[in-house]
Amino acid sequence: MVLSRFWLAIFISSIVFVVISLFTGNSYTIDHVLNGKKDDPILIAERYAEELPAFIRDSIKKAPKQVMIVDRDTLNPDTTYVYSNKTVKIFSGVQKSDGLLPTCKTTLIDLILPLIAYLAFFCGLMELLIISGASGKLAKVLSPVFVKVFPSIPKNHPSISYMTLNFAANFLGLDSAATPFGLKAMESLQEINPDKDKASDAQIMFMCLHASGLTLIATSIIGYRAAAGASNPADVMLPCIITSFIGTIAAFLIVGIRQKINFKSASLVIALMMLIAAIIALLMYVNHLDLIGKNLFTSNLSALILIAIIAFTLIFSFIHEKKFSEANTTVYETFVVGANNGVKTGVTIFPYVLGMLVAISLFRNSGLFEIISDGIGFLFLNIGVSQEITNALPVAMLRPFSSAGSRGFLIDSMSTFGADSLTARLSSIFQCSAESTFYVIAVYFGSVNIKNTRYALGTMLLVDVICVITAIFVATWFF
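What counts, and where the lines are drawn
- Residues numbered from 1 in each chain as written.
- Predicted model: local features only at pLDDT ≥ 70, side-chain atom pairs only at ≥ 80, totals over all residues.
- Heavy atoms only, no water.
- Helix = DSSP H or I, 4+ residues; strand = E, 2+ residues; numbered from the N terminus.
- Rg over C-alpha atoms; globule rule 2.2 N^0.38 Å.
- Buried < 20%, exposed > 50% of the residue type's maximum accessible area, 1.4 Å probe, protein only.
- Contact = heavy atoms within 4.5 Å.
- Areas by Shrake-Rupley, 256 points an atom, 1.4 Å probe, with all protein chains shown as cover.
- Lys, Arg positive; Asp, Glu negative; His and termini not counted.
- Charge placed at Lys NZ, Arg CZ, Asp CG, Glu CD.
- Disulfide = S-S within 2.5 Å.
- Expected span 1.5 Å × (residues − 1).
- Arc of directions from axis to C-beta.

(A) Geometry of the overall build of the protein. A tally of regular secondary structure across the protein gives 21 helices and four strands. A globule of 479 residues ought to have a C-alpha radius of gyration of about 23 Å, and the protein, at 25 Å, matches this closely. With respect to the three principal axes, the spread of C-alpha positions in the protein is 85 × 50 × 40 Å. Within the protein, buried positions represent 48% of all 479 residues. Taking the contacts inside the protein whose residues are at least 6 apart along the sequence as the reference set, 74% of them involve residues at least 24 apart. With an accessible surface of roughly 22900 Å², the protein has 66% of that area assigned to carbon and sulfur atoms. Distance between charge centroids for the protein: 7 Å, based on 34 positive and 31 negative side chains.

Take a look at the structure:
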């Protein structure tokens, strides 16, 4: 219900703002909102040539192909004048994201089709884990901890192994693997959900822990920083871990208090201490490496562990091939069945993802997002927050809506302010410290047709705010 109202609010407010801008003269055309492509110049006006100042008119006529681009150092930055048929079209700035109709196309081609491929492969592996008995053994080992965090889940339930694999993939920055494992976990939790239209306590806890984004190896962030020429691309690794860990703890406490979880449980405390010890050990190891060693370690660890998971699944299935024979199937046929289920899941979630992404596209291209972002930045400046921090806020604001959009702002901040600036480093921490909240909710709850997400959205947004505040303090402390 909350998600539906928020989705409607985004759509309606964006449309109203677009119409108002058109009739108040703040916009010349709204075609870019529907058909524009990301980074295309935006048409802001069209004038008869004789209406322009003489020096501009003469410069346009002398320019190659009668197109004149005004340099950044002038009073009209990034402005382009195009002369055609007695009129001059004036373009200024570039479009921040694809328009509504191109978003429909790119959602299918660039997002859903690759996602379906990932789902098919990893759901095939998960089917092998189920038939071979590996998932049951993993669930049995971890049940003592999970039944404390998820008291409504029966002991040794298969969802425990799926959630474990999802958390592990997230820790290692393996987004392509984390999503299939997470969707399988939601599907398994839905089987024991008494109200199929309403999110269960277990689903909400899982979603909030997943969306808090605890990451040990921020592989993609390190790659972006390396490409931008950072002196030490991995220097944001520790701040990312601290920020995402605090976000995860905050999510657990907020949801746990709401669900009246026993925080004094011995098994829960021991598991938390082991997690903290593992993080500290990892940080101590990475800290003693030189620059090349850090880059080598962060580049290969995640890939090696993913290969190890695949190898373990296949070898374990081969050793226990008898179980496949008892189920009247083979290892390969079992993989194909799981892959087919993954394809069906991808088709199911497509409308949910499409609906959310076109709303975000309209919100960004209407100009409403920039006004809100500039307003918050102005407020921060007036309460004494430095300009370097406010320059990074667009990444934090857009992260809950769009990973690709916030990534664009991250890359822009590195090219504009330098990869080693506080702005770029803080933007990097924002990018890796939480998930894309609205996308995650659309995908995960949509995959099992949950209509009432209860307090999941509010909790996830609150955790996003906590991560933003933490990231600012951590970045200021470190850099």
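(B) Representation of unusual backbone geometry. Non-glycine residue K260 carries a positive phi angle of around 60°. If you trace the backbone, K260 turns up in the loop between α10 (237-259) and α11 (266-287). Within the chain, N328 stands out as a residue other than glycine whose phi angle is a positive 55°. Mapped onto the secondary structure, N328 falls in the loop between α13 (321-326) and α14 (331-365).

(C) Spotlight on the state of the cysteines. All told, the structure shown has one disulfide when counted by the stated rule. The disulfide bridge from C240 ends at C432, spanning 2.3 Å between sulfur atoms. The chirality of the disulfide connecting C240 with C432 is left-handed, given an S-S dihedral of about -120°. Taken together, the residues C240 in helix α10 and C432 in helix α19 (residues 422-432) connect sequence positions 192 residues apart. The class for C240 is buried, based on a relative accessible area of 2%. The exposure class of C432 is buried, given its relative accessible area of 9%. Here C208 stays free of any disulfide, with the sulfur of C467 as its closest cysteine sulfur at 12 Å. Among the residues examined, C208 registers a relative accessible area of 2% and is labelled buried.

(D) How the structure looks around the side chain of K184. Of note, K184 is situated in helix α7 (residues 175-191). Apart from residues lying up to four places away in sequence, K184 is in contact with M126, E127, I130 and Y162.

(E) Structural detail: α11. Here α11 contains 22 residues, and its C-alpha end-to-end distance of 31 Å stays within 8% of the 32 Å for a straight helix at 1.5 Å per residue. Inspection of α11 places L268, I279, L282 and V286 among the buried residues, and these make up the whole buried set. The buried residues of α11 occupy an angular sector of 65° when the element is viewed end-on, so they sit on one face. Residues of α11 that are exposed and point over 90 degrees away from its buried face: A266, I270, M274, M284 and N287.

Coordinates in, geometry out; function isn't part of it.
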